[in-house]
Amino acid sequence: MTGFSRVDGHSGGVTWTWEVKSVNGRNLEVRCRLPVGMDALELPARKLAAERLRRGNVNVALQVARSGGVTGYRLNAALLSELADLVRQAETLVDAAAPRLDGLLALRGIIEPVEPTESDAEREARESEMLATLGQALDRLAASRAAEGARLAAILSALVDEMAKLTQAAAQSAAARPDALKARLKEQIALLLEASPALPADRLAQECAILVAKGDVREELDRLAAHLAAARELIAKGDPGGAGRRLDFLAQEFNREANTLCSKAGDVELTHIGLDLKLVIDRFREQVQNIE
């Protein structure tokens, strides 16, 4: 499910901002983008996300700034020495004036800012506050996704109603009625006997059983009705334990029964109903991907 939240925090001379975004996903996948030196926050951040969310591709981003500025500068002597060695090597290859010291000092990384030092206790306390604000951001994201879920429940209910109408239409079609099945079976048996007059009785019974199984769609209609009842129950409950996964499974079952219905259809009317049902099932499955 989609959503976005942003929460700011500050402690001492440090300010930070958490941004959390989520898009649809079959499982929960959390990606963290943290500043250099903040890697220790990744595992706790993933744990906080898993406690609140079950599905979706979630991006967690942290931005940190120090309002206290720097306390001074230091020379990166090792880097400057390495650059000086490279300059001497270059002088043996090309005839050019050597760079001046002020040019070398202007290179990035030679002069480094010195940030205020802090104790381990201060760092741990700030990281704890950072994770607390991340929890707030995730709570807001979860609330946003829940509101979206409530809107999706109405959409899914309408699609279930549409599937129920098509299932009822299939049950009332001529091809699904017992008298029509019986007439079609008699016609097929007559054609079978005409093609093989000396067909043994046991073989004839076997062929009749196959023809009945191929033409009778009542079992598929019964299963569709059962799946529709289960879908309505899940939507009404708003199951926090993963209704999206269960509805996704039901969408697969709907599609399986609709395919069988189309393959068994004995006339154009039932075939059209089966195809219309498959279209609604596809829309249902797309919406289910948005559910927690």
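Note that the structure is predicted; figures quoted are calculated from it, not measured. Residue positions within a chain follow its written sequence, with the count starting from 1. Confidence filtering applies because this is a predicted model: local features only for residues at pLDDT of at least 70, side-chain atom pairs given and counted only at 80 or more, and all residues used for totals across whole chains, interfaces and linings. Side-chain measures were taken over the full set of non-hydrogen atoms in the model, leaving aside hydrogen atoms and water.

Asker: Can you lay out the overall build of the protein chain for me, pointing to particular residues and giving the numbers?
Answerer: Numbering of helices and strands runs from the N terminus, with a helix taken as a DSSP run of H or I at least four residues long and a strand as a DSSP run of E at least two residues long. Helix and strand counts for the protein chain stand at nine helices and six strands. Exposure classes here rest on a 1.4 Å probe applied to the protein chains alone. A residue is buried below 20% of its type maximum, exposed above 50%, and partly exposed in between. Looking at the 292 residues of the protein chain, the share that counts as buried comes to 35%. Here the contacts in the protein chain between residues at least 6 apart in sequence split such that 78% fall between residues at least 24 apart. Of the accessible surface of the protein chain, which amounts to about 17000 Å², a share of 55% is contributed by carbon and sulfur atoms. Two residues form a contact once any of their heavy atoms are found within 4.5 Å. The Shrake-Rupley method, run with a 1.4 Å probe, gives the accessible areas here. Residue values count only the displayed protein chains as cover.

Asker: Give me the pairing of strand 3 (residues 28-33): which residues, what numbers.
Answerer: A pair of strands is treated as paired once DSSP finds two or more bridges between them. Pairing geometry for strand 3 and strand 4 (residues 56-66), over six bridges, is parallel. Each bridged residue has a counterpart across the sheet, and for Arg33 the counterpart in strand 4 is Ala61. For a crossover, the right-handed case is the one in which the path from the first strand over the helix to the second runs clockwise, viewed with the strands pointing away from the viewer. Following the backbone out of strand 3, through helix 1 (residues 42-52) and into the adjacent parallel strand 4, one traces a crossover that is left-handed.

Asker: Quick one: what's the story with the environment of Arg74, residue by residue and with numbers?
Answerer: Considering the arrangement of structural elements, one finds Arg74 in strand 5 (residues 72-75). Judged by relative accessible area, which is 46%, Arg74 ranks as partly exposed. For the pair Arg74 and Ile111, spaced 37 residues apart in sequence, the C-alpha separation works out to 5.8 Å. Residue contacts for Arg74: discarding those within four places in its chain leaves Ile110, Ile111, Glu112 and Val114.

Asker: So what's going on with the pattern of salt bridges? Residues and values would help.
Answerer: Criterion for a salt bridge: a side-chain nitrogen of Lys or Arg within 4 Å of a carboxyl oxygen of Asp or Glu. Inspection of every chain in the model, using the stated rule, returns 16 salt bridges. Across the pair Glu127 and Arg123 runs a salt bridge, and its minimum N-O distance is 3.5 Å. Of the two residues, Glu127 and Arg123 both sit in helix 4 (residues 120-172), four residues apart, roughly one turn of that helix. Among the charged side chains, a network of salt bridges with common partners joins Glu219, Glu220, Arg223 and Glu257.

Asker: Describe the packing of aromatic side chains, with residues and values.
Answerer: When two rings of Phe, Tyr or Trp (its six-membered ring) have centres within 6.5 Å they constitute a pair, described as stacked for plane angles under 30 degrees, edge-to-face for angles over 60, and tilted for the intermediate range. The tally for this structure, following the rule as stated, stands at one aromatic pair. Taking the centre distance of 5.8 Å and the plane angle of 80 degrees together, the rings of Phe254 and Phe284 count as edge-to-face. One end of the pair, Phe254, is in helix 8 (residues 243-264); the other, Phe284, is in helix 9 (residues 268-288), and 30 residues separate them in sequence. Accessibility assignment for this pair places Phe254 and Phe284 in one class, buried.

Asker: Please set out the confidence of the model for the protein chain residue by residue, giving values where relevant.
Answerer: Residue-level confidence of the predictor, termed pLDDT, takes values from 0 up to 100. Per-residue confidence for the protein chain averages 82 on the pLDDT scale, and 80% of its residues sit at or above 70. Per-element mean pLDDT across the protein chain ranges from 55 in helix 6 (residues 201-215) up to 94 in helix 1.

Asker: Run through the nonpolar core, naming residues and quoting values.
Answerer: Put simply, buried Ala, Val, Leu, Ile, Met, Phe, Trp, Tyr and Cys residues joined by side-chain atoms within 4.5 Å make one nonpolar core. Counting 29 residues, the largest nonpolar core has Met163, Leu247, Phe254, Leu277 and Phe284 as the members making the most contacts within it. Among the elements of the structure, helix 4, helix 7 (218-237), helix 8 and helix 9 are those that each provide at least two residues to this core. With sequence-adjacent residues up to four places away left out, Leu247 is seen in contact with Leu156, Ala231, Leu234, Ile235, Phe284 and Val288. Within the second largest apolar cluster, 22 residues are counted, among which are Val7, Ala49, Val60 and Leu134.

Asker: Can you lay out helix 7 for me, pointing to particular residues and giving the numbers?
Answerer: An expected span of 1.5 Å times one less than the residue number is assigned to each helix. The end-to-end C-alpha distance of helix 7, which contains 20 residues, comes to 29 Å, matching closely the 28 Å that a straight helix rising 1.5 Å per residue would cover. Along helix 7, the residues classified as buried are Glu220, Leu221, Leu224, His227, Leu228, Ala231, Leu234 and Ile235. For helix 7, the angular spread of buried residues about the axis comes to 140 degrees, placing them on one side. For helix 7, exposure combined with an orientation more than 90 degrees from the buried face picks out Asp222, Ala236 and Lys237. What the arc measures is the spread of directions leading from the helix axis to the C-beta atoms.

Asker: Requested: an account of the packing of helix 8 against helix 9, with residues and values cited.
Answerer: Only C-alpha atoms enter the line fits that serve as axes; for helices the fit covers just the stretch in contact. Angles between N-to-C directions range over 0 to 180 degrees. Following both chains from N to C, one finds helix 8 and helix 9 inclined at 165 degrees, their axes separated by 9 Å at the closest point. Of the possible angle classes, the one that applies to helix 8 and helix 9 is roughly antiparallel. Of the two possible hands of crossing, helix 8 and helix 9 adopt the one that is left-handed. Judged by residue contacts, Gly244, Leu247, Asp248, Ala251, Gln252, Phe254, Asn255, Ala258, Asn259, Leu261 and Cys262 of helix 8 engage Leu270, Thr271, Gly274, Leu275, Leu277, Lys278, Ile281, Asp282, Phe284, Arg285 and Val288 from helix 9. Orientation is classified from the angle alone, with under 35 degrees giving roughly parallel, over 145 giving roughly antiparallel, 65 to 115 giving roughly perpendicular, and any other angle giving oblique. The hand of a helix crossing depends on one turn: near helix anticlockwise from the far one by less than a right angle means left-handed, and clockwise means right-handed.

Asker: Could you give an account of the packing of helix 7 against helix 8, with specific residues and numbers?
Answerer: Packing of helix 7 against helix 8 leaves a shortest axis separation of 10 Å and a crossing angle of 160 degrees. Classified by the interaxial angle, the pair formed by helix 7 and helix 8 is roughly antiparallel. For the pair helix 7 and helix 8, the crossing hand works out as left-handed. Residue-level inspection shows Glu220, Leu221, Arg223, Leu224, His227, Leu228, Ala230, Ala231, Leu234 and Ile235 of helix 7 in contact with helix 8, the latter providing Arg246, Leu247, Leu250, Glu253, Phe254, Glu257, Thr260, Leu261 and Lys264. Ten residue types, Ala, Val, Leu, Ile, Met, Phe, Trp, Tyr, Cys and Pro, are classed as nonpolar, four, Asp, Glu, Lys and Arg, as charged, and the remainder, Gly among them, as polar. For the contact of helix 7 with helix 8, the residue count by class is 11 nonpolar, two polar and six charged.

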